[in-house]
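What follows is the residue order along each chain.
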Amino acid sequence: MRKIIYWVHTSVDGFIDGPNGEFDWPTMGPGLSAYSESLDQRVDTLLFGRPVWEMMVAFWPDAESMTDDPHVTAFAPFWRATPKIVFSRTFEGDAWTSRVISDNLRDEVLALKAEPGADLLLTGGASLAAALTDHGLIDEYHVAVHPVVLGGGRRLFAEPKQRLNLRTVTSTLVDGVIPVTHYEPSA
């Protein structure tokens, strides 16, 4: 069965964006970029909630024209070539969307995980990650903690419905400043 891997950046105080939705604070150095690319190599499908999708589709289709950052130039072709599924009750899709899942979250995701193929990567977001977590559908959590205190925004784990016990698989300090921890649900 395919796994769902959740890859997310958070502040030290546990927010995935700032009080006004800002996402200008994560720093992507060579170590963090390499970590992200190692996750990309394991997957053949990208998963997004609607808010993250809107941010991604506004940048990645033409990313190289906006910057020559090495992470961007490495990730943009992968992003464009990889099937992308958006979870939304109101979004109907666009030219970059391979599929939209709007109903029966648990059943649709279980069917998706049962399909042949590589793992699935959920990037960022809070609401979709919380819903998948509540259904026990996320297999791995990869959390990069950036050295910034945002003081508000959307929480990494907003109002979980139940306790989630995790076990640490690995923890690595990348680029000398960002701890990245790989967790899995514990029994």
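Here, the structure is the one placed above.
Summary of the structure given here. (Residues numbered from 1 in each chain as written. Predicted model: local features only at pLDDT ≥ 70, side-chain atom pairs only at ≥ 80, totals over all residues. Heavy atoms only, no water.)

## What to know about the environment of T133
One can find T133 in helix α5 (residues 127–134). In this structure, the C-alpha to C-alpha distance between T133 and V145, residues twelve residues apart in sequence, is 19 Å. Residues in contact with T133, not counting those within four places in the same chain, are I138, Y141 and L164. At a separation of 2.8 Å, a polar atom in the side chain of T133 contacts the main-chain carbonyl oxygen of A129. (Helix = DSSP H or I, 4+ residues; strand = E, 2+ residues; numbered from the N terminus. Contact = heavy atoms within 4.5 Å. Polar contact = N/O pair within 3.5 Å; in protein donor to acceptor, adjacent residues only side chain to side chain.)

## Looking at the layout of surface pockets
Of the voids in this model, the largest pocket is the one considered here, and its volume is about 760 Å³. As for the largest pocket, its lining consists of 30 residues, and the residues nearest its centre are H9, F23, M55, M56 and W60. Secondary-structure elements contributing two or more residues to the lining of the largest pocket are β1 (4–11), α1 (30–40), α2 (50–59), α3 (70–81) and β5 (119–123). Broken down by element, the residue count for the lining of the largest pocket peaks at five residues, all from α2. Here the lining of the largest pocket is built from residues that sort into 16 nonpolar, nine polar and five charged. (1 Å grid on protein atoms, 1.4 Å probe; cavity = no way out; pocket = protein on both sides within 12 Å on 5 of 7 lines; lining within 4 Å. Points joined across faces, edges and corners; volume = space filled by probe spheres on them. Nonpolar A, V, L, I, M, F, W, Y, C, P; charged D, E, K, R; others polar.)

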